[in-house]
Amino acid sequence: YQRRVRGMPSKIVNSPNSLKAHEARIVAGVEKMNVKTNGWNWKGTHVWTCSFFRDSNIKTTRLYFGAMERDGVELRVGDSVALQTSDLDKKPFVGKIIAMWQENLGEMMVTLCWFYRPSDLENIKTPYGSHELYLSKHTDDNSVATIQNKVYVLSFPEYCRFYAHRAQTERNVRQCLVVPNVSKWRDQVIPSAAAQCESIYFCRGVYDFRLKRTLKQQLYYTKYL
């Protein structure tokens, strides 16, 4: 029952009591070290998990969380977010949260899977929409302080149905559910009728960031979004 503490290579946490004490110091690290979080706070329980540093074989132990919130807005693993850029004139980056964790020094972090905008890619021959994104396998670690707000990335059929239902509601037209609602697992990523249009995107393509080209297959399966 030995766990090596990141940032302290020579120290081994070898007892449950010392591990709990170290865990309490990490959980309270945000308040003690005045870490910038942009108003986000952890929500729910946490778990210790062994993981490897990016692009290395060095193992570390991290404190992982399943959700965080700010001003009533809750983010969970699997949600998509917009991140601020250094250039205020550019559109924000969009990524999907695949992990939430906290560094031993108190920094609140998220691991993101990036979406690419067609305008940022080369050799795009197919027409695309202004709110269209391309999914990639490009992942990166970022501080939660860079998260602006929650966004919604839908499949193209979901995107079309959402705006069709919104138009029917605005015109007081009775909604006709052509597609039966047989599953509830996508409810958390479907925006409400009050959601802003600027925060709703759709994805139907995949971008290979290593080969710098888009794949021919269109993305119809919502399990990847």
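Residues numbered from 1 in each chain as written. Predicted model: local features only at pLDDT ≥ 70, side-chain atom pairs only at ≥ 80, totals over all residues. Heavy atoms only, no water.

### Details of the pairing of strand S6 (residues 80-83)
Here's step 1: Residues Ser80 and Ala82 line one face of S6 and the alternating positions Val81 and Leu83 line the opposite face, and both faces are buried.
Here's step 2: In terms of strand pairing, S6 meets strand S7 (residues 93-102) through 4 bridges, oriented antiparallel. When the sheet's bridge partners are listed, Val81 is paired in S7 with Gly95.
Here's step 3: Examined bridge by bridge, S6 and strand S10 (residues 147-155) share 4 bridges and lie antiparallel to one another. Bridged to Ala82 within S10 is Asn149. (Buried < 20%, exposed > 50% of the residue type's maximum accessible area, 1.4 Å probe, protein only. Helix = DSSP H or I, 4+ residues; strand = E, 2+ residues; numbered from the N terminus. Pairing = 2+ DSSP bridges.)

### Side note on the packing of aromatic side chains
Here's step 1: According to the stated counting rule, one finds 7 aromatic pairs in the structure shown.
Here's step 2: Seen from their ring centres, Tyr159 and Phe202 are 4.7 Å apart, and the 45° between their planes marks the pair as tilted. In this pair, Tyr159 sits in helix H3 (residues 156-170) while Phe202 sits in strand S11 (residues 200-208), placing the two residues 43 residues apart along the sequence. Pair check on accessibility: Tyr159 and Phe202 agree, each one buried.
Here's step 3: Aromatic side chains Phe162 and Tyr163 sit 5.3 Å apart centroid to centroid with 85° between the ring planes, which places their arrangement in the edge-to-face category.
Here's step 4: Taking relative accessible area as the criterion, Phe162 reaches 10% and is therefore assigned buried. (Phe/Tyr/Trp six-rings, centres within 6.5 Å; stacked < 30°, edge-to-face > 60°.)

### So, the environment of Val94
Here's step 1: Within the element layout of this structure, Val94 appears in strand S7.
Here's step 2: Overall, Val94 belongs to the buried group, its relative accessible area being 2%.
Here's step 3: As for Val94 and Arg117, which are separated by 23 residues in sequence, their C-alpha atoms are 8.7 Å apart.
Here's step 4: Setting aside anything within four residues of it in sequence, one finds Val94 in contact with Val81, Trp114, Phe115, Arg117, Leu133, Val151, Val153 and Tyr201. (Contact = heavy atoms within 4.5 Å.)

### Description of the pairing of strand S8 (residues 108-116)
Here's step 1: With respect to burial, S8 is a largely interior element, 9 of its 9 residues being buried.
Here's step 2: Bridging between S7 and S8 involves 8 bridges; their strand directions are antiparallel. Bridge pairing in S8 links Gly95 to Trp114.
Here's step 3: Linking two consecutive strands that pair antiparallel, namely S7 and S8, is a turn of 5 residues; a positive phi of about 105° is found at Gly106 within it.
Here's step 4: As paired strands, S8 and strand S9 (residues 132-143) are joined by 7 bridges and run antiparallel to one another.

### Focus on the nonpolar core
Here's step 1: Core analysis: the biggest nonpolar cluster contains 21 residues, and Met68, Leu75, Met100 and Ile147 have the highest contact counts within it.
Here's step 2: With near-sequence residues (within four places) excluded, Met68 lies in contact with Trp40, Asn41, Trp42, Lys43, Val73, Glu74, Leu75, Met100, Val110, Val144 and Ile147.
Here's step 3: Judged by nonpolar contacts, the second largest core, of 10 residues, contains Ala82, Leu133, Tyr201 and Cys203. (Core = buried A, V, L, I, M, F, W, Y, C linked by side-chain atoms within 4.5 Å.)

### Here's the deal with the environment of Phe156
Here's step 1: Within the secondary structure layout, Phe156 lies in helix H3.
Here's step 2: Taking C-alpha positions, Phe156 is 6.2 Å from Cys203, a pair spaced 47 residues apart along the chain.
Here's step 3: Residues contacting Phe156, with those up to four places away along its chain left out, are Phe202, Cys203 and Arg204.

### A few points about the confidence of the model for the chain
Atom-level detail of predicted coordinates should not be read off regions where pLDDT is low.
Here's step 1: The predicted model of the chain has a mean per-residue pLDDT of 77, with 70% of residues at 70 or higher.
Here's step 2: Every residue in residues 1-15 scores below 50 in pLDDT, and together they form 32 contacts with partners more than four places removed in sequence or on other chains. (pLDDT = per-residue confidence, 0-100.)

### Things to note about the side chain of Ser143
Here's step 1: By the element assignment, Ser143 lies in strand S9.
Here's step 2: Take Ser143: its relative accessible area is 15%, and that puts it in the buried class.
Here's step 3: When near neighbours in sequence (up to four residues on either side) are disregarded, Ser143 contacts Lys36, Glu107, Met108 and Met109.

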